[in-house]
Amino acid sequence: RVFKLGRYNSSATLMYKTIIKSAQPLSILAYFLVIGIILFSSAMYYIEKDQNPESSEPFESIPAAMWWSIVTMTTVGYGDLYPTTTLGKFLASITMLCGIVVMALPISLIGSTFVEEVGNLAAVTMFAVRNQAIAYEWLFCTGRNSQERARNGEAEGSGKTYCCRERERNSD
């Protein structure tokens, strides 16, 4: 039911169209995130695995290190896993910077698509307003045209037309 309400909301429709048109940048974002997660979690596992053998290792396997990599690359940063070695902290800094870059590049493309869709919506709205004005003029000028013709004694198909705008210009 909630999604059906979105059909009647122009903002929800605008976001839907933007996401659909941005499918390729979103897929590139997902691809680079997966590659980064695999590379950085593997590197963190191998850097941290033998450094602190007496304590419980937070990076006990590559899949466990993937959780850290996902949280770090998406800049959430829970703090439940963190590196203890200097090289691990350096890799964590590089992981954060790569996560920001990977997220920022496709987001700018999605933003430009959003601006384009807003422009399209404005153009469609202006077109609809213009069509309403033309329909209004046609509706009311057509009736006046036949009245003007009758007053001037002209035949219905004489080709001479009287428009509201022409009448306003002639009255000045």
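Residues numbered from 1 in each chain as written. Predicted model: local features only at pLDDT ≥ 70, side-chain atom pairs only at ≥ 80, totals over all residues. Heavy atoms only, no water.

**What to know about a nonpolar patch on the surface**
- On the surface, a cluster of nonpolar side chains totalling about 480 Å² of accessible area is made up of Met15, Ile19, Leu26, Phe114, Val115 and Val118.
- When contributions to the nonpolar patch are tallied by element, the ones reaching two or more residues are helix H2 (10-21) and helix H5 (86-152).
- Ranked by the residues each element gives to the nonpolar patch, the list is headed by H5, at three residues.
- Tracing the chain through its elements places Met15 in helix H2. (Patch = residues over 30% accessible without salt bridge, like charges linked within 9 Å, V, L, I, M, F, W, Y side chains within 5 Å. Areas by Shrake-Rupley, 256 points an atom, 1.4 Å probe, with all protein chains shown as cover. Salt bridge = Lys/Arg side-chain N within 4 Å of Asp/Glu carboxyl O. Helix = DSSP H or I, 4+ residues; strand = E, 2+ residues; numbered from the N terminus.)

**Remarks on the environment of Met44**
- Its location among the elements puts Met44 in helix H3 (residues 23-48).
- Exposure remark for Met44: the relative accessible area of 0% places this residue in the buried category.
- Each C-alpha atom, one on Met44 and one on Tyr82, is 9.9 Å from the other, the two residues being 38 residues apart in sequence. (Buried < 20%, exposed > 50% of the residue type's maximum accessible area, 1.4 Å probe, protein only.)

**A closer look at the environment of Ser69**
- Its location among the elements puts Ser69 in helix H4 (residues 62-73).
- Residue Ser69 is classed as buried on the basis of its relative accessible area, which comes to 0%.
- Each C-alpha atom of the pair Ser69 and Val34 lies 9.9 Å from the other, and the pair is 35 residues apart in sequence.
- At 3.5 Å, the side chain of Ser69 and the backbone oxygen of Ile37 are in polar contact. (Polar contact = N/O pair within 3.5 Å; in protein donor to acceptor, adjacent residues only side chain to side chain.)

**Examining the pattern of salt bridges**
- Summed over the entire model, instances satisfying the criterion amount to one salt bridge.
- Note that Lys21 and Glu117 form a salt bridge whose closest N and O atoms lie 2.6 Å from each other. On the criterion of sequence distance, the pair formed by Lys21 in helix H2 and Glu117 in helix H5 is long-range, its members being 96 residues apart.

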